[in-house]
Amino acid sequence: MSRPWSDLIDFVAPSVPDAPDSLIEMMLKWSAIKLCERSGLFKEQLFFDSQAGKSDYPLELNSCWVPHTIYALCVNGENYSPMELEACCDSSCNKVYVLHDPRVVNIRPTPKKDEVDGIRVLLSVKPSNDSCEVIDQLYDDWSEVLAAGALARLFKSQRKPWSNMTLAREFEKDFHAGVSRAMIRAYKGFTRGPIRLKAIPF
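Residue positions within a chain follow its written sequence, with the count starting from 1. Residue-level local features of this predicted model are given only where pLDDT is at least 70; pairs of side-chain atoms are given and counted only at 80 or more, and the full residue set underlies all totals for whole chains, interfaces and linings. Remark: hydrogens and water are excluded; side-chain values derive from all non-hydrogen atoms of the structure.

Numbering of helices and strands starts at the N terminus; helices are DSSP runs of H or I of at least 4 residues and strands are runs of E of at least 2. When you go through the protein residue by residue, the secondary structure sums to three helices and 10 strands. Secondary structure elements of the protein occur, N-terminal to C-terminal, as β-α-β-β-β-β-β-β-β-β-α-α-β. Counting only residues that meet the buried cut, the protein has 43% of its 202 residues in that class. Accessible surface area values rest on a Shrake-Rupley calculation with a 1.4 Å probe, where residue burial reflects the displayed protein chains alone. As displayed, the protein offers around 11000 Å² of accessible surface, 51% of which is attributable to carbon and sulfur atoms. Note on classification: 1.4 Å probe, protein chains only; a residue is buried when its accessible area is under 20% of the maximum for its type, exposed when over 50%, partly exposed between these limits.

As a further point, take the pairing of strand S4 (residues 65-75). Direction of pairing for S4 relative to strand S8 (residues 115-127): antiparallel, over a ladder of nine bridges. The residue of S8 that forms the bridge with Leu-73 is Val-121. At least two DSSP bridges between two strands are needed for those strands to be called paired. Sheet topology places S4 next to strand S5 (residues 78-82); three bridges connect them, and they run antiparallel. Its bridge partner lying in S5, Cys-74 is registered against Asn-79. In this antiparallel pair of consecutive strands, S4 and S5, the connection spans two residues, and Asn-76 shows a positive phi of 50 degrees.

With that settled, the discussion passes to the packing of aromatic side chains. Any two rings among Phe, Tyr and Trp, with Trp reduced to its six-membered ring, count as a pair given centres within 6.5 Å; such a pair is stacked if its planes are under 30 degrees apart, edge-to-face if over 60, and tilted if neither. With the rule as written, the count across this model stands at five aromatic pairs. Arranged with centres 5.8 Å apart and planes meeting at 80 degrees, the rings of Phe-11 and Tyr-139 form a pair that is edge-to-face. Pair noted here: Phe-11 is in the loop between strand S1 (2-4) and helix H1 (21-39) and Tyr-139 is in helix H2 (residues 136-155), with a separation of 128 residues, a long-range link. By relative accessible area, Phe-11 is classed as partly exposed at 33%. Given a relative accessible area of 18%, Tyr-139 falls into the buried group.

Our next topic: H2. The terminal C-alpha atoms of H2, which comprises 20 residues, lie 27 Å apart, in line with the 28 Å expected from a rise of 1.5 Å per residue. The angle separating two fitted axes, one through the seven residues that finish at a residue and one through the seven that start at it, defines the bend at that residue. The axis of H2 is deflected most strongly, by about 85 degrees, at Trp-142. Of all 20 residues in H2, 14 are buried; the element is thus mostly enclosed. Multiplying 1.5 Å by the helix residue count minus one yields the expected span of that helix.

We define a salt bridge as a side-chain nitrogen of Lys or Arg found within 4 Å of a carboxyl oxygen belonging to Asp or Glu. A complete count under the given rule lists eight salt bridges for this structure. Here Glu-37 makes a salt bridge to Lys-126, at a shortest N to O gap of 2.6 Å. Placement of Glu-37 in helix H1 and of Lys-126 in strand S8 is noted, with a sequence separation of 89 residues between them. Lys-126 sits in the buried class, given a relative accessible area of 17%. A salt bridge links Glu-78 to Lys-95, with the shortest nitrogen-to-oxygen separation between them at 3.9 Å. Remark: Lys-95 occurs in the loop between S5 and strand S6 (96-101) and Glu-78 occurs in strand S5; sequence separation between them is 17 residues. The structure contains a network of salt bridges with shared partners spanning Arg-3, Asp-7 and Asp-136.

Structure, rendered in structure tokens:
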């Protein structure tokens, strides 16, 4: 389940009464994105059909989320590794993938056969910049951390009625502590349920 980002505003607004709600919401979303990027807290498993000769596969998630880091990718029972150098060519590399676009992964060599659910991807995800909703787990478990990150950034603002570098540093410490807790939670292996995607054949 999810709720609008505006439901988190009351965690921040009393500390910065002059800040507009739209700005507070933007800072809360920024805070959530950074929390997920730095901790890898939320992971998804994607399963979709492999297609012989096809190299690009879209990583389609809920519209509120975008991929961040791929942890594992398996094609028709074989593990693929991240390609470190873009200059590496197919003839010298063995079973690699490249995240060309945040939502598209390129695999080399291409699959040799079609297989239902032939591709498995485990990746961390983060809220998209234009997401409209925050999931309940972020709200229920991390609202104070998100508020700390938002307040740290707001208090760092230059020449605003709410500017306060001393408070910015205090809330920044709280945010970093929250990120550390999220990293520990992620290390224990929290993964959301698998998503199965059906590829459109050429």
